[in-house]
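Breakdown of the fold
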Amino acid sequence: MSLRTYREKRRFDVTPEPRGAARPKARRAKGLHFVVHKHRASHLHYDLRLESDGVLHSWAVPKGPSLDPGVKRLAMMVEDHPVEYRAFEGTIPENEYGGGTMMMWDRGTWEPEDPAVERSIARGELKFDLHGEKLQGSWVLVRTGGRGDRDQRSWLLIKHRDEAASSEDVAETKPYSVATGRLLAQIAHDEGGDVAKAATGDPPAAVERLIGELRGGTAKPRKRATAAARKRTPAKSRRTRKAS
Ligand code: MN
């Protein structure tokens with residue numbers, strides 16, 4: 001566990017991202033946090049971040065997570081991030097590392113199947129349950145590459161078959177921030193980012209809806225819609241069942 005690479009890539013007098021505590025504390029393996037950031041940087045991607053050993057282990061998933069167990073999503077392992085990063089939403093200045101708009105797309109707790117998380121990562125297979133607002137159930141990250149440095153960073157993110165599995169395109173149907181109910185375009189607008197660039201990461205239908213609301217003067221945070229959506233999820237589908 002080290003935040004050296006994370007800090008080397010960033011200028012903390014320029015970016016609003018957190019520097020992280022000098023001595024991050026590892027917490028017990030229950031109630032560990034996870035977050036998925038939706039990040040419109042040079043390319044749109046989703047960053048899955050799993051707390052362990054006092055840091056957030058992070059994978060950049062270009063197409064985002066899929067609820068369909070038949071779909072394998074490329075996940076490039078990136079540098080560990082500080083635990084404080086899970087609360088981050090905003091814009092990173094365009095000329096900085098990761099410049100662009102970052103949304104807190106999902107959050108919650110996660111449970112590794114094997115509590116020895118670092119060992120699972122070293123072995124290249126990490127099985128876990130997510131208890132998020134959008135993502136639930138059992139998942140696996142599997143390393144695909146061989147011994148090369150770049151190969152080591154190449155993983156696949158796959159949903160296991162359980163009650164949370166679905167053919168729903170969750171990236172498309174749930175495009176709003178779980179923290180503020182905003183689209184990427186709204187975050188960019190509010191935080192002084194590039195609105196047009198950010199909007200290319202939002203589903204066109206959601207952007208249309210927002211423009212309609214702005215014209216009608218009814219634009220408002222969608223936090224309530226998110227809470228309602230959570231209520232519609234039957235409790236049993238939040239329980240996980242390992243079938244693979
Ligand atoms: Mn990113």
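Residues numbered from 1 in each chain as written. Predicted model: local features only at pLDDT ≥ 70, side-chain atom pairs only at ≥ 80, totals over all residues.

Focus on the overall build of the protein
- The helix and strand inventory of the protein stands at 9 helices and 9 strands.
- Out of the 244 residues in the protein, the part that is buried amounts to 36%.
- Across the protein, every contact between residues at least 6 apart in sequence was considered, and the portion connecting residues at least 24 apart equals 61%. (Helix = DSSP H or I, 4+ residues; strand = E, 2+ residues; numbered from the N terminus. Buried ≥ 20, exposed ≤ 12 C-beta atoms within 10 Å, placed from the backbone. Contact = placed C-beta atoms within 7 Å.)

Concerning the environment of Leu156
- Among the structural elements, Leu156 can be located in strand β9 (residues 154–159).
- Measuring from C-alpha to C-alpha, the distance between Leu156 and Glu125 comes to 9.6 Å, with 31 residues separating the pair along the chain.

Quick word on the environment of Val61
- Relative to the helices and strands, Val61 resides in strand β3 (residues 55–61).
- Between the C-alpha atom of Val61 and that of His37, which follows or precedes it by 24 residues, the distance is 10.0 Å.
- What Val61 contacts, discounting residues up to four positions off in sequence, is His45, Tyr46, Leu48, Arg73, Leu74, Ala75 and Leu157.

Brief notes about helix α7 (residues 204–216)
- Helix length check: α7, at 13 residues, gives a terminal C-alpha distance of 18 Å against a target of 18 Å (1.5 Å per residue), a fit within 8%.
- Just downstream of α7, Gly217 is the residue with a positive phi angle, here 70°. (Expected span 1.5 Å × (residues − 1).)

Focus: the nonpolar core
- By size, the foremost hydrophobic cluster in this structure holds 41 residues, and its most contacted members are Leu48, Trp59, Ala75, Leu157 and Leu184.
- When residues of this core are assigned to their parent elements, the largest contribution, 5 residues, is made by strand β6 (residues 100–112).
- With near-sequence residues (within four places) excluded, Ala75 lies in contact with Leu48, Trp59, Val61, Leu141, Trp155, Leu156 and Leu157. (Core = buried A, V, L, I, M, F, W, Y, C linked by C-beta atoms within 7 Å.)

Some thoughts on the pairing of strand β7 (residues 125–132)
- Across 5 bridges, the pairing between β6 and β7 is antiparallel. For Pro112, the partnering residue across the bridge sits in β7 and is Phe128.
- Linking β7 back to strand β8 (residues 136–143) in an antiparallel pair, the connection comprises 3 residues. (Pairing = 2+ DSSP bridges.)

Topic: the confidence of the model for the protein
- Per-residue confidence for the protein averages 88 on the pLDDT scale, and 85% of its residues sit at or above 70.
- Between the elements of the protein, mean pLDDT differs from a low of 42, seen in helix α9 (residues 235–238), to a high of 98, seen in β7.
- pLDDT under 50 marks residues 224–244. Its contacts with residues more than four places away, or in other chains, come to 28 contacts. (pLDDT = per-residue confidence, 0-100.)

Points about the environment of Ala199
- With respect to the element layout, Ala199 can be found in helix α6 (residues 195–199).
- On a C-alpha basis, the gap between Ala199 and Arg40 in space is 8.9 Å, while along the polypeptide they are 159 residues apart.
- Sequence-distant contacts of Ala199, defined by excluding residues within four places in its chain, comprise Leu184, Ala185 and Val207.

Here's the deal with the pairing of β9
- As paired strands, strand β4 (residues 72–82) and β9 are joined by 5 bridges and run antiparallel to one another. Bridging across to β9, Leu74 finds its partner in Leu156.
- Looking at chain direction, β8 and β9 are connected through 5 bridges and run antiparallel. The residue bridging Trp139 from the neighbouring strand is Lys159, located in β9.

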